[in-house]
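Listed here are the chains, written in short residue letters.
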Amino acid sequence: MYFIQTRGNDGKKQLKTTFSEAIKSPIASFGGLYVPEFLPQLDKKFIDESVDLSYKELCLKILDLFELDIDKDIIKQAISLYDNFDDKDNPVPLKKIEDMLFINELYHGPTRAFKDMALQPFGYILSQIAKNEQKTYLILAATSGDTGPATLNSFANKENIKVVCIYPEGGTSDVQKLQMVTQKGDNLKVIGIKGNFDDAQNALKSLLASESFQHELGKKDMNLSAANSVNFGRIIFQIIYHINSYIQLVKNKEIKNGDEIYIAVPSGNFGDALGAYYAKKMGIQIRKILISANSNNVLSELINTGVYDIRDKTLIKTISPAMDILISSNVERVLYDKFGAKRCKELMDDLNKKRYYKLTKDEHTALQKDFRGYFCSDSETKHYISEYSVKNYLMDPHTATCIKAYDDIKCSRRKTVICSTAEWTKFAPAVMNAISCEYNKKFTDIDALENISEIMNANIPSSVINLFKAEIIHKTVIDKKDLQEEIFKFLENY
Ligand SMILES: *Cc1c(COP(=O)(O)O)cnc(C)c1O
């Protein structure tokens, strides 16, 4: 299968490109993204024939349909990384919470957030491509907390790959920070930036745009790539678990093959939600995808009003920081899919220049055919965490935002699958606020973890507990102006 570009072709890039090219350099013409030329179609028979497959077997079967230009053995090895999840035979458990409510727990990987679902296999594939080409790739990542640990874990000690990960010092949870600064691997460099996530992200962006930086990398024979969710190499693995949740419902006789379900997704950069959209387009019977956000509600606003408007918005810090985002990159792939490259480029140009775009009435209707948008304030989110903790289910703050969507549609008598994107252990202080009804008390991560574990009789994975005793390897904290120098120092010493 080939990949095409969301903003059309500028004459400098090939019209169509392979999967491996698209994941090595994920930015297409005019700053657009790569999308598959077509989506394989899954009929009812496919579902029936898949009910007895393991998750890994299902992955192979679906990836086969995409006809990627990657060696089958490499794909098998990549998928086998799901063996390192909590339950090797069931890496993505679908839990029944209520008659009509199921939770797709996507966080049972090494860094306790759903980013592992894609970054584990993706990291292996990219490093194999680099090795076969005998090239070295530098991955630069700015993180607000979950992408960083998952990227570092995936690429640690991988051949032909170096990773520099930038995080806002003081802007992540203790667990997230410890996951980064204690991560072993000679090919990794973790740098704290004085400032917030925007400062870290801007420092990275100006570096990527700098000619002197590119020039220096060239001299070192080093290629740049990216591991954020604009990379289709991540999206492809985020389609499969949505399909799997439908198959599990059929297998457990919760629905009949062909019945419609709702899928609710806590959304930031829209990668997880895009996976659900592609699953729907491939033929999975999803009535609508319910997009949940926090007070940074650009996504729900787009779906509800047809307008993407960030002219007067500034980022609000919430208890669901992975969704604290104003520019949601993967929406572009939906715009392309529905309205074509010319219109997609027009809309994205508007967003860049005017920080605003408006869909026509027909376009807005087309968007609402597949999506509904919701958002939760922090106090609503804490309320939902508390409500479900009483029912004996612990949710992290991102997952909990989906309950509002579920409450809204549950009278439809269709079953709902909520995607749980992180384990509660990653955001323990906010969860502790919620379940103790002490909304404003400040807890440290370790106190909150121990308290919750006791109150709820909940397990804390050893990988999380061990973080507090692990050696701190990465101690660099710098001003953003010193970033380039720090990166070159690392590449020199490697
Ligand atoms: C990354 C992340 C999200 C948002 O996912 P997108 O694919 O960017 O929409 C939601 N919750 C958690 C815990 C995350 O780490």
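Going by the structure above, here's the rest.
Residues numbered from 1 in each chain as written. Predicted model: local features only at pLDDT ≥ 70, side-chain atom pairs only at ≥ 80, totals over all residues. Heavy atoms only, no water.

Caption draft 1: Examining the overall build of the protein more closely. Helix and strand counts for the protein stand at 21 helices and 15 strands. The C-alpha atoms of the protein give 21 Å as radius of gyration, which agrees with the globular expectation for 494 residues (23 Å, within 12%). Judged by the C-alpha coordinates and their principal axes, the protein covers about 60 × 50 × 50 Å. Burial statistics for the protein: of 494 residues in total, 60% are counted as buried. Taking as baseline every contact in the protein between residues at least 6 positions apart, the subset at least 24 positions apart corresponds to 74%. Within the structure as shown, the protein displays about 20,200 Å² of accessible surface, and the carbon and sulfur contribution to it stands at 46%. In the protein, 65 positive and 66 negative side-chain charges are present, and the distance between their average locations comes to 3 Å. (Helix = DSSP H or I, 4+ residues; strand = E, 2+ residues; numbered from the N terminus. Rg over C-alpha atoms; globule rule 2.2 N^0.38 Å. Buried < 20%, exposed > 50% of the residue type's maximum accessible area, 1.4 Å probe, protein only. Contact = heavy atoms within 4.5 Å. Areas by Shrake-Rupley, 256 points an atom, 1.4 Å probe, with all protein chains shown as cover. Lys, Arg positive; Asp, Glu negative; His and termini not counted. Charge placed at Lys NZ, Arg CZ, Asp CG, Glu CD.)

Caption draft 2: Region of the structure containing the sheet that holds strand 10 (residues 286-293). The six strands are arranged 3-4-14-9-10-13 in an open sheet whose pairing can be described as mixed. Single-partner strands in this sheet number two, and they are strand 3 (94-98) and strand 13 (371-375). On average, each strand axis in the sheet is inclined to that of its neighbour by 25°, with strand direction left out of account. As defined by bridge partners, strand 4 (residues 101-105) adjoins strand 14 (residues 416-420) across five bridges and the pair is classed as parallel. Among the inter-strand pairings, Leu101 is bridged to a residue of strand 14, identified as Thr416. Across the sheet, helix 17 (residues 402-409) touches strand 3, strand 4, strand 9 (261-266), strand 10, strand 13 and strand 14, and the angle it forms with strand 13 is around 125°. (Pairing = 2+ DSSP bridges. Axes fitted to C-alpha atoms, helices over the stretch in contact; angles between N-to-C directions.)

Caption draft 3: Examining empty space enclosed by the protein more closely. Taken as a whole and judged by the stated rule, the model has one cavity of 30 Å³ or more. Contributing to the lining of the largest cavity are Phe270, Leu299, Leu302, Ile303, Val331, Val334, Leu367 and Phe371. Put simply, the parts of the chain that give the lining of the largest cavity at least two residues each are helix 12 (298-305) and helix 13 (331-354). The element best represented in the lining of the largest cavity is helix 12, accounting for three residues. Residue composition of the lining of the largest cavity, grouped by class: eight nonpolar, no polar and no charged. (1 Å grid on protein atoms, 1.4 Å probe; cavity = no way out; pocket = protein on both sides within 12 Å on 5 of 7 lines; lining within 4 Å. Points joined across faces, edges and corners; volume = space filled by probe spheres on them. Nonpolar A, V, L, I, M, F, W, Y, C, P; charged D, E, K, R; others polar.)

Caption draft 4: Layout of the side chain of Arg333. Here Arg333 is to be found in helix 13. Although Arg333 lies buried, it forms no salt bridge, and the closest oppositely charged side chain, Glu332, sits 7.9 Å away as judged by the N-O distance. Reaching out from Arg333, the side chain makes a polar contact with the backbone oxygen of Tyr34 at a distance of 2.9 Å. Arg333 has contacts with Thr6, Leu33, Tyr34, Val35, Ser229, Val230, Asn231, Phe232, Ile235, Leu274 and Tyr278, leaving out every residue within four places of it along the chain. (Salt bridge = Lys/Arg side-chain N within 4 Å of Asp/Glu carboxyl O. Polar contact = N/O pair within 3.5 Å; in protein donor to acceptor, adjacent residues only side chain to side chain.)

Caption draft 5: Local environment of the environment of Tyr262. Inspection of the secondary structure assignment puts Tyr262 in strand 9. Taking the relative accessible area as the measure of exposure, Tyr262 reaches 5% and is therefore buried. With residues up to four places along the chain from it excluded, the contact list for Tyr262 reads Arg287, Lys288, Leu290, Ile409, Ser412, Arg414, Lys415, Thr416 and Val417.

Caption draft 6: Just the state of the cysteines, in detail. Enumeration over the complete set of coordinates arrives at zero disulfides. With no disulfide of its own, Cys59 lies 15 Å from the sulfur of Cys419, the closest cysteine sulfur. Looking at Cys59, the relative accessible area reads 0%, which means it is buried. (Disulfide = S-S within 2.5 Å.)

Caption draft 7: Spotlight on helix 14 (residues 361-370). For helix 14, the full list of buried residues reads Glu363, His364, Leu367 and Asp370. Viewed end-on, helix 14 has its buried residues packed into an arc of 125°, placing them on one side of the element. The exposed residues of helix 14 that point more than 90 degrees off its buried face are Lys361, Asp362, Thr365 and Lys369. (Arc of directions from axis to C-beta.)

Caption draft 8: Here's a closer look at the layout of surface pockets. Within this model, the second largest pocket holds a volume of roughly 990 Å³. Around the second largest pocket, the lining comprises 34 residues; the ones closest to its centre are Gly171, Thr172, Lys317, Thr318 and Pro321. Taken together, the elements giving at least two residues each to the lining of the second largest pocket come down to strand 6 (161-169), helix 7 (174-181), helix 8 (197-209), helix 15 (378-390) and helix 18 (428-436). Its residues assigned to classes, the lining of the second largest pocket comprises 12 nonpolar, 10 polar and 12 charged.

Caption draft 9: Region of the structure containing unusual backbone geometry. For Gln134, which is not glycine, the phi torsion reads 55° and is therefore positive. Take Gln134: it is sitting in the loop between helix 5 (115-133) and strand 5 (136-142). In the Ramachandran plot, Asn392 falls in the positive-phi region, its phi being about 75° despite a non-glycine side chain. For Asn392, the location among the structural elements is in the loop between helix 15 and helix 16 (397-400).

Caption draft 10: Region of interest: the pattern of salt bridges. For the structure on display, the rule yields 40 salt bridges. Two residues, Glu37 and Lys16, come together in a salt bridge whose shortest N-O distance is 2.5 Å. With Glu37 in the loop between strand 2 (34-36) and helix 2 (44-50) and Lys16 in the loop between strand 1 (3-5) and helix 1 (19-24), this pair connects stretches of sequence that are 21 residues apart. Accessibility expressed as a relative area gives 30% for Glu37, which makes it partly exposed. Take Lys16: its relative accessible area is 42%, and that puts it in the partly exposed class. Here Lys189 ties to Glu486 by a salt bridge, and the two come within 3.8 Å at their closest N and O atoms. Of this pair, Lys189 sits in strand 7 (residues 188-194) while Glu486 sits in helix 21 (residues 483-493), and the two are 297 residues apart along the sequence. Given the relative accessible area of 15%, Lys189 is considered buried. Exposure remark for Glu486: the relative accessible area of 12% places this residue in the buried category.

Caption draft 11: Representation of the site of the ligand in the model. Neighbouring the ligand are 14 residues; Lys115, Asp146, Gly268, Asn269 and Thr421 lie closest to it. A distance of 2.6 Å separates an oxygen atom of the ligand from a polar atom in the side chain of Lys115. A distance of 3.0 Å separates an oxygen atom of the ligand from a polar atom in the backbone of Gly271. For the ligand, whose free accessible area comes to 380 Å², the fraction covered by protein is 96%. (Near = heavy atom within 4 Å.)

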